[in-house]
Structures are given as C-alpha cells and as structure tokens.
Amino acid sequence: MNNQLRKVSIERYSRQIILKDIGTIGQKKIISAKVLIVGMGGLGSPVAEFLARAGVGSIGIVDDDKVSLSNLHRQSLYNTSDIGKFKVQIAKVKIKKINPNIKIKIYKIRLNKNNFNKIIKDYDYIVDGSDNFSTKFLLNDFCYKFKKILIMGAISKFDGHIFTFNFKNKKIPCLRCFFQDSDISDDLLNCEAEGILGTVAGIIGTIQANEVLKKILGIGKGLDGYIFILDLLQLNFRKVKLKKRKNCFCK
C-alpha cells in the first residue's frame, strides 16, 4: 500500500477518495498518519471510531478506567455487556471490527510525566478526550516540547469547547494562555457533578476527529489560535481568538 492503494481500500474509502480535496494522495496521508487519543470516554469514543472509519493507519488509545453503567449514555463504543471491563481493551476489539486494516496500540495507564515522555514520540497528532485539567496541562506542555499538533476537547452540560494547538508554529498560544491559573477545579469537567447530555459528547468528539483529518490532509480552515465554543442548548456557535501571553513559557 506504500505505492498504491489496494482495490479493497479504494472501495472502503471510495466516498472520501472522490472528494477533490482528498483523492488517492490524501488517502495515503490518512493511512500513514499516527494519532494518539488520550481518554476513551465520551469524546474519545467518536474520535476513535471516525478516525478508524477514515482509515488512519496507526491509532494509540490511553485510559486506565473501566466501563461503568453511567458511562453508557454518552460513550458510544460501549454497551451493557462491557460494564466492568477496561475501556481500552473493549475499544480495541470494537475499533478493529470497524476497520481491521489499522493498527491499534493500547495503553492501560494514567498518563504522567514519566510514561508520556516515552509514548508521545511515536505519534504525530494528539487528541485530548480527558476529563481533568492536570492531564490537559500535561498534554499541552509535552506537545509544545515535542512540537506536536494537539486537538483538545472539553464538555459540560450542553456546552462544548474545542482548541487546536499546532506547536510547530512557535507563535501559537497554548492552553496556559487561556487558563492563566493552572489551579483550576476539575468540577468544571466533571460529568458526575455538572451533568452532560450524551449527544454533546458525540458532537464535540466528531468535530475533533474532523479537525484531525483536516490537519493530516492540510486542507480547510483550522482552529489554530482559536477556541470553538458550542452552546448546543441554544444552538449558538462562536470562535474566539486566543492571545499569546507575554510571560507564557511556550515561547
């Protein structure tokens, strides 16, 4: 498949290959891409599913949690029979059923500075589906250090936020430019405390997957330097430009 797409792949991806912005050259880029998804919950599930369906060749998934009954209304990869099982193990099986041609590597861990340092080098694009700020800041800092592209998502109640940080560009603002105080309560992202409509997770995760594919292909207008805010109760959407802080360590 290095030189030309096999017939079976052409058929599988035919509806996106015929798009003039993709074609066979674009599909080869998708197949060659390496994406790491951190958090296999409400955001990570649709991200993994749609990247697999698009043909992303290598996908890493990170999560140390097990499926619980309260997850099922928004975490679309799981069903009742999966309760009590590790999310990454279940997700791998289901993603491979969607597309057996891709490589899935699982990390049944909670990310920290030591283990992420070893993992991040193997991937070009990092997708954040985490539900705590410590992980989000960790992703921000390491993606900056290794000049990775980070697509970050957050959901609560009826609202969603999406950031894209292309750290190949030194002038781009980072998460610390937006949240100037890193000591932020995780209650803002806690579905148990704040609640969440399940469809919000699916919509935001799908947009994250869409942004990843656009980055891989180098097409369209991205969110570099912006935050995309969605109020899905009132159906309001807006983009807000982020400014780089003068004293931010990401210089």
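Located above this text is the structure these notes cover.
Rules and cut-offs
Counting restarts for each chain, with residues numbered from 1 along the sequence as it is written. Only residues with pLDDT of 70 or above have their local features reported here, since the model is predicted, and side-chain atom pairs are shown and tallied only from 80 upward, although totals for entire chains, interfaces and linings are computed over all residues. To get the side-chain values, all heavy atoms of the structure are used, and hydrogens and water are removed first. At least two DSSP bridges between two strands are needed for those strands to be called paired. Numbering of helices and strands runs from the N terminus, with a helix taken as a DSSP run of H or I at least four residues long and a strand as a DSSP run of E at least two residues long. Comment: axis = line fitted to C-alpha atoms, over the contacting stretch for helices; angle = value between 0 and 180 degrees taken between N-to-C directions. Working rule for contacts: check all heavy atoms of both residues, and any pair within 4.5 Å makes them a contact. Exposure classes here rest on a 1.4 Å probe applied to the protein chains alone. A residue is buried below 20% of its type maximum, exposed above 50%, and partly exposed in between. Think of the arc as the fan of directions from the helix axis to the C-beta atoms. How far a helix is expected to stretch is found by multiplying one less than its residue total by 1.5 Å. Consider the strands pointing away from the viewer: the crossover is right-handed when the path from the first strand over the helix to the second runs clockwise. Take the buried Ala, Val, Leu, Ile, Met, Phe, Trp, Tyr and Cys residues and link them wherever side-chain atoms come within 4.5 Å; each set so joined is a nonpolar core.

Enquirer: Whenever I open this one, the sheet that holds strand 5 (residues 149–156) confuses me. Can you help?
Expert: Remark on secondary structure: sheet strands pair via backbone hydrogen bonds, oriented parallel or antiparallel. Pairing in this open sheet of eight strands is mixed, and the strands run 3-2-1-4-5-6-7-8 from one edge to the other. On the outer flanks of this sheet lie strand 3 (103–107) and strand 8 (236–241), each paired with one strand and no other. Strand-to-strand twist of the sheet, defined as the mean angle between neighbouring strand axes without regard to direction, takes the value 15°. In the sheet, strand 4 (residues 125–128) pairs with strand 5 via four bridges, with the strands oriented parallel. Each bridged residue has a counterpart across the sheet, and for Ile 126 the counterpart in strand 5 is Leu 150. Running over the sheet, helix 7 (residues 133–145) touches strand 1 (34–38), strand 4 and strand 5 and is turned about 165° from strand 5.

Enquirer: Looking at this model, I keep getting lost on helix 3 (residues 23–32). Mind explaining?
Expert: Every α-helix carries 3.6 residues per turn, so stepping three or four residues along brings you back to the same face. Those residues of helix 3 not exposed but buried are Gly 23, Gly 26, Gln 27, Ile 30 and Ile 31. All buried residues of helix 3 fall inside an arc of 145° around its axis, so they share one side. In this structure, helix 3 carries Ile 25 and Ser 32 as exposed residues pointing more than 90 degrees from its buried face. Along its buried surface, helix 3 packs onto helix 2 (14–17), helix 4 (44–54) and helix 10 (198–217).

Enquirer: Would you explain helix 7 in this entry?
Expert: The terminal C-alpha atoms of helix 7, which comprises 13 residues, lie 18 Å apart, in line with the 18 Å expected from a rise of 1.5 Å per residue. Residues Phe 133, Thr 135, Lys 136, Phe 137, Leu 138, Leu 139, Asn 140, Phe 142 and Cys 143 constitute the buried set of helix 7. Those residues of helix 7 that are buried lie in contact with strand 1, helix 6 (113–119), strand 4, strand 5 and helix 8 (175–178). The positive-phi residue at the C-terminal boundary of helix 7 is Lys 147, with phi of around 55°.

Enquirer: For this particular structure, what's the right way to read the pairing of strand 3?
Expert: Residues in a regular strand point their side chains to alternate faces of the sheet. As defined by bridge partners, strand 2 (residues 58–62) adjoins strand 3 across five bridges and the pair is classed as parallel. Bridged to Ser 58 within strand 3 is Lys 103. Handedness of the strand 2-helix 5 (residues 87–98)-strand 3 crossover: right-handed.

Enquirer: Honestly, the nonpolar core in this entry has me stumped. Any pointers?
Expert: Side chains of a nonpolar character, in soluble globular proteins, are inclined to be buried together. By size, the foremost hydrophobic cluster in this structure holds 43 residues, and its most contacted members are Val 35, Ile 37, Met 40, Leu 51, Val 56, Ile 59 and Ile 216. Counting residues per element, this core draws most heavily on helix 10, which supplies eight residues. Once residues lying within four places of it in the same chain are set aside, the contact partners of Met 40 are Ser 45, Ala 48, Ile 61, Val 62, Asp 63, Gln 75, Leu 77, Tyr 78, Lys 87, Val 88 and Ala 91. Of all hydrophobic cores here, the second largest spans 29 residues; its members include Tyr 107, Ile 120, Phe 165 and Cys 177.

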